[in-house]
Amino acid sequence: MNDKALLAVSFGTSVPGAEAAIANMENALRAACPDRVFRRAYTSRIICRKLAREGWPVLSPEEALEELAAAGVRDVLVQPTHLTPGDEYDKLCRIAEGYRGRFSALRIGAPLITGPEDLNAVADAVLAHYPPQAGRALLLMGHGSGHIANMIYPALQTAFRLKGADYVLVGTVEGWPAFSDCLDQLRQGAWNSVELAPLMLVAGDHALNDMAGDEPDSWKSRLENAGFSVCCRTEGVGMWDEICALGCSHLRRTEEA
Ligand code: CO
């Protein structure tokens, strides 16, 4: 076996069809390191357990690193596909730390958004995929959390503002700004319709239910109740070439470091 490996680590998804966005990113990473054995891992234990029950097992980072060490791999590049260096990334770093002695080199790439160039690249990609339309605002649903890395979402909002893209709002499901903050902004604007889109690698459970679902507390329902006409995009940003290129640029930086 080749003694060099690339381990692409994603949060994971159990939504059928949504996995394509992870696979798309993985294919790009894999093509950027053709000399390395490729492995996939997911950081979400809940998703790994669910997929195993359904007959589609995906390794956890621990399992993948254990397997690579056992197979005689000496040099591992770990590239996360997480958008921010939040809790899942911290968890991945802690896990990898425990395997450091098992390899001669174990390097971890940065998540997709870790600096101003990344923010601008993501903002440009969003503007290319969701260009402005008369009377319509674009509300992005980021994940968000209580982690300090949540600051990336308001920073991304600033990137849009600096580009003059005032039709774009960045909200989060579990962090700040919250949906209610965005709704206040939309009410103050002159918009009559809102396009909703996930700012997540994968259009999984949050995008399909919390954003675009028919339940009364979904973002779509709450916007409709507020008098907006709503259209929902349900494509994970992992499907976009620009986002794959961002992942590859982080991978290259780690490989050359
Ligand atoms: Co979540």
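K.L.:
Just give me the short version of the side chain of Lys-220, but keep the residues and values in it.
P.N.:
Residue position: Lys-220 is located in helix α9 (residues 219-225). Taking the relative accessible area as the measure of exposure, Lys-220 reaches 16% and is therefore buried. The contact partners of Lys-220, leaving out residues within four places of it in the chain, are Leu-196, Met-211, Ala-212, Gly-213, Asp-214, Val-230 and Cys-232.

K.L.:
Could you give an account of the side chain of His-82, with specific residues and numbers?
P.N.:
Mapping His-82 onto the fold places it in the loop between β3 (75-80) and α4 (87-97). His-82 gets classed as buried once you look at its relative accessible area, which sits at 8%. In terms of polar contacts, His-82 uses its side chain to reach the side chain of Thr-43, at 3.1 Å. Every residue in contact with His-82, bar those within four places of it in the chain, is listed here: Val-9, Ser-10, Phe-11, Thr-43, Glu-88, Pro-111 and Leu-112.

K.L.:
Tell me what's going on with the environment of Gln-133, and back it up with residues and numbers.
P.N.:
In this structure, Gln-133 sits in the loop between α5 (116-129) and β5 (136-142). C-alpha of Gln-133 to C-alpha of Ala-64: the two residues are 69 residues apart in sequence and 45 Å apart in space.

K.L.:
Before we move on, could you go through the sheet that holds strand β6 (residues 168-172) and cite the residues and values that matter?
P.N.:
Pairing is parallel across the open sheet formed by four strands, whose spatial order is β6-β5-β7-β8. The sheet terminates laterally at β6 and β8 (229-232), the two strands that pair on one side only. Within this sheet the neighbouring strands show an average axis-to-axis angle of 25°, counted without direction. For β5 and β6, the ladder comprises five bridges, and the chain directions are parallel. Looking across to β6, one finds that Met-141 is bridged to Gly-171. Sheet strands touched by helix α6 (residues 152-162): β5 and β6. Its angle to β6, the strand with the most contacts, is close to 175°.

K.L.:
Tell me about the coordination of the cobalt ion, and name the residues and values.
P.N.:
The reference angle at a metal is 109.5 degrees if four donors form a tetrahedron and 90 or 180 degrees if six donors form an octahedron. For the cobalt ion, the full set of protein donor atoms is His-143 (NE2) and His-206 (NE2), at a range of 2.0 Å. Of the two residues, His-143 sits in the loop between β5 and α6 while His-206 sits in helix α8 (residues 205-211), which places them 63 residues apart along the sequence. In this structure His-143 comes out as partly exposed when scored by relative accessible area, which is 29%.

K.L.:
Summarise the domain arrangement of the protein; cite the residues concerned and give the values.
P.N.:
Structurally, the protein comprises domain 1 (4-112 + 239-256) and domain 2 (116-237). Each of domain 1 and domain 2 has a C-alpha centre, and the two are 27 Å apart. Residue-level contacts link 21 residues of domain 1 with 24 residues of domain 2. Of the roughly 1,800 Å² buried at the junction of domain 1 and domain 2 (both faces included), carbon and sulfur atoms supply 71%. If you look at where domain 1 meets domain 2, you find zero salt bridges. The interface formed by domain 1 and domain 2 holds eight residue pairs in polar contact (both at pLDDT 80 or more) in total.

The rules behind the values
- Residues numbered from 1 in each chain as written.
- Predicted model: local features only at pLDDT ≥ 70, side-chain atom pairs only at ≥ 80, totals over all residues.
- Heavy atoms only, no water.
- Helix = DSSP H or I, 4+ residues; strand = E, 2+ residues; numbered from the N terminus.
- Buried < 20%, exposed > 50% of the residue type's maximum accessible area, 1.4 Å probe, protein only.
- Contact = heavy atoms within 4.5 Å.
- Polar contact = N/O pair within 3.5 Å; in protein donor to acceptor, adjacent residues only side chain to side chain.
- Pairing = 2+ DSSP bridges.
- Axes fitted to C-alpha atoms, helices over the stretch in contact; angles between N-to-C directions.
- Donors = N, O, S within 2.8 Å, 3.2 Å for Na, K, Ca; no water.
- Domains from an automatic or database assignment.
- Buried area = accessible area lost by both parts, 1.4 Å probe.
- Salt bridge = Lys/Arg side-chain N within 4 Å of Asp/Glu carboxyl O.

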